[in-house]
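Architecture at a glance
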Amino acid sequence: MAAANGRKVFDLVVTRLPWTIGTNELREYFTQFGTVKACKVAFDQSTGFSKGFGFVGFANPASAQTALRKGFHVMDGQKVQVQIKKNGENSLGTRQLRITELLETENT
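Figured I'd write up the structure that's included with this text. (Residues numbered from 1 in each chain as written. Predicted model: local features only at pLDDT ≥ 70, side-chain atom pairs only at ≥ 80, totals over all residues. Heavy atoms only, no water.)

**Side note on the packing of aromatic side chains**
We apply this condition: The aromatic pairing rule takes the rings of Phe, Tyr and Trp, using the six-membered ring of Trp, and pairs them if the centres are within 6.5 Å, calling planes under 30 degrees apart stacked, those over 60 edge-to-face and the rest tilted. Whether a residue is buried, partly exposed or exposed follows from its accessible area with a 1.4 Å probe, protein chains only, as a fraction of its type maximum: under 20%, in between, or over 50%, in that order.
Inspection of the entire model under this criterion finds five aromatic pairs. The interplanar angle of 45° and the centroid separation of 5.8 Å between the aromatic rings of Phe 30 and Phe 33 together place this pair among those described as tilted. Comparing Phe 30 with Phe 33 shows no difference in burial state: the two are buried. Where Phe 53 meets Phe 55, the ring centres are 5.9 Å apart and the plane angle is 85°; that geometry is what we call edge-to-face. Its relative accessible area of 16% is what places Phe 53 among the buried residues.

**Thoughts on the nonpolar core**
Quick note on the threshold: The nonpolar core is taken to be a set of buried Ala, Val, Leu, Ile, Met, Phe, Trp, Tyr and Cys residues, with the residues joined through side-chain atoms within 4.5 Å. Numbered from the N terminus, helices here are DSSP runs of H or I no shorter than four residues, and strands are runs of E no shorter than two. Note on definitions: a residue-residue contact is assigned when non-hydrogen atoms from the two residues lie within 4.5 Å.
Leu 26, Phe 30, Val 56 and Phe 58 are the most contacted members of the largest nonpolar core, which has 18 residues in total. Elements with a contribution of two residues or more to this core: strand S1 (12-15), helix H1 (23-30), strand S2 (36-43), strand S3 (50-58), helix H2 (61-69) and strand S5 (78-84). Sequence-distant contacts of Val 56, that is, excluding residues within four places in its chain, are made with Phe 10, Asp 11, Leu 12, Val 14, Leu 26, Phe 30, Val 36, Ala 38 and Cys 39. In terms of nonpolar packing, the next biggest core, distinct from the first, is built from six residues, Phe 10, Ala 38, Ala 42 and Phe 53 among them.

**Topic: the pairing of S5**
Using the following cut-off: A pair of strands is labelled paired if DSSP reports no fewer than 2 bridges between them.
When S1 meets S5, the two strands line up antiparallel, connected through four bridges. Following the sheet pairing, Val 14 is matched in S5 by Val 82. Linkage of strand S4 (residues 73-75) to S5, two consecutive antiparallel strands, is achieved through a turn of two residues, within which Asp 76 is found at a positive phi near 50°.

**Remarks on H2**
Our working definition: Working note: the arc is built from the helix axis to C-beta atom directions. Throughout this description, a polar contact denotes any pair of N or O atoms lying within 3.5 Å of each other; where both atoms belong to protein, one of them has to be capable of donating a hydrogen while the other can accept it, and for residues adjacent in sequence the pair is counted only when both atoms sit in side chains.
Within H2, burial applies to Ser 63, Ala 64 and Ala 67. Taken end-on, H2 shows its buried residues confined to a sector of 100°, consistent with a single buried face. Residues of H2 that are exposed and point over 90 degrees away from its buried face: Pro 61 and Arg 69. Check the buried side of H2 and you find it contacts S1, H1, S3 and S4. For H2, the N-terminal capping position is held by Asn 60, with its side-chain oxygen 2.9 Å away from the main-chain nitrogen of Ala 62.

Structural data, given as structure tokens:
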């Protein structure tokens, strides 16, 4: 997800989230590392249940690095995984493939 000025909004991908964690809880947890400018937990539109992952964006990139340096993160009693959001991931955390990549895969 990109901001209107071309800067990325989300710095981190958080996976293995307990189903009890929503956007507000995710934001509240990560404010200990700095000012959170954007936060989103993915929910299934048909069931309304969490998909178990979310995204966090900080006002200062150093805050994301501080969160990554923490050995592990526990939310609602469950260890969650925190990673840098890689270029090429869409707002759902999945890598977007180009048609040429798909063709190369089929030909190998």
